[in-house]
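Letter by letter, the chains look like this.
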Amino acid sequence: MTDFIVIGGGIAGISTAARLSEHGTVTVLEMEEALGYHASGRSAAMFEENYGNASTVALNRASANYHHSANGGYLTPRGLLLVAAAHQAQGFADDLVALNLHQISMDEALSHIPILNPDRVTQAALHSDALDLDTDRMIQDFARVVRAAGGQVITKAAVTAISKTDHGWQVTAGGTVYEASQLVNAAGAWVDQIAVMAGVAPIGITPLRRSMARLPAPGGHDVTNWPMLMGVGEAWYAKPDAGKWLVSPADADLVTPHDAYADDMVLAEGLARYEEMVTEPVTRVENNWAGLRSFAPDKALVLGPDPDQPSFIWSAAQGGYGFQTAPAASRLVADLVAGCTPELGAEIIAQLSPARFR
């Protein structure tokens, strides 16, 4: 018997497991053959402090020092460039405020991304402090913390049954029965299913599909140092990736929990929105994929013990903010479980608590 069972080996689960390793033994159960297989493995891998609602931004800011300094740091410069057509002036103005961007000239915008279409793009804004995140190394570093503390990280362990016992929880996964005093639900798109299996009221967390296409570098350019490029209202975005060019339609289509794949029509429509703003047409898609971003009804994360069943702990609804909030979100969960005083203020904690849905 261990102190904690964590269901889910994405960034939410493995970071929470690492923090809880300071307070007891941990067993992580991941249904796939590797950690970070679903949403965590299909992330845009950016750290942008101003991205998200108030509670998410608070988590971002509380995570910044960890991202910059832990284990040598996980961040590298990238930048974020917002572009708008003439008819998008109001949306552009709204995004300037929401994302804390500063407007730049078209000449400067073209110096960053030379394929912008000057006949179409009339306004541009830049945020130089948007940064790339080394997401894979972060997952593996958290996993090492769990193992170094004597915990287990078990893959190919799909949960098939959960029951409450006199001493805590019994979980059947991959044909093996595991027992722990407390159970952490970090199962991503499947968190409500896990809750029901455990006899805990679900929250109403919805998985939304986000698709991505990998293209050759447009026009043969070296895109290594280009910033992330985004349309107004996040109608699409593009980003360098290992010499290639990723374009997402920024879709958010409601789906059931599953191993997601991109919808061809959604991709085509998103690529068309992107093509309107650049001079290089999309001539070939090398490959594509999709991930499921899971949201609570109010679009804030769900972190902490369940109010009706305190030994059932939520680390859920990360949406598109899982990696950038992980250091502070996991610390908050561990502090709440261990009875330590959290660094975040009471108002933000209340906005993140599962109690807000009861």
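Residues numbered from 1 in each chain as written. Predicted model: local features only at pLDDT ≥ 70, side-chain atom pairs only at ≥ 80, totals over all residues. Heavy atoms only, no water.

Asks: Describe the environment of Ala148, with residues and values.
Replies: Relative to the helices and strands, Ala148 is located in helix H5 (residues 135-148). Spatially, the C-alpha atoms of Ala148 and Trp236 are 41 Å apart, while their sequence positions differ by 88 residues. (Helix = DSSP H or I, 4+ residues; strand = E, 2+ residues; numbered from the N terminus.)

Asks: Help me get a handle on the packing of helix H1 (residues 11-20) against helix H8 (residues 322-338), residues and values and all.
Replies: One way to put it is that H1 packs onto H8 with a least axis distance of 8 Å and a crossing angle of 40 degrees. In terms of orientation, H1 lies oblique with respect to H8. The handedness of the crossing between H1 and H8 comes out as right-handed. Counted together, Ile11, Ser15, Thr16, Arg19 and Leu20 of H1 and Gly322, Phe323, Ala326, Pro327, Ser330, Arg331, Val333, Ala334 and Val337 of H8 form the full contact between these two elements. (Axes fitted to C-alpha atoms, helices over the stretch in contact; angles between N-to-C directions. Parallel < 35°, antiparallel > 145°, perpendicular 65-115°, else oblique. Left-handed = near helix turned anticlockwise from the far one by under 90°. Contact = heavy atoms within 4.5 Å.)

Asks: Outline the side chain of Ser15, supporting the account with residue identities and numerical values.
Replies: The topology assignment puts Ser15 in helix H1. A polar contact is formed between the side chain of Ser15 and the backbone oxygen of Ile11, at a distance of 2.6 Å. For Ser15, the residues in contact, after removing those within four places along its chain, are Phe142, Ala326 and Ser330. (Polar contact = N/O pair within 3.5 Å; in protein donor to acceptor, adjacent residues only side chain to side chain.)

Asks: I'd like a rundown of the sheet that holds strand E4 (residues 75-77), residues and numbers included.
Replies: With antiparallel pairing, three strands are arranged side by side in an open sheet as E3-E8-E4. Both outer strands of the open sheet, strand E3 (46-47) and E4, are each paired with one neighbouring strand and no more. Here two bridges tie E3 to strand E8 (residues 131-133), and the two strands are oriented antiparallel to one another. Across the sheet, residue Met46 finds its bridge partner in E8, namely Asp132. (Pairing = 2+ DSSP bridges.)

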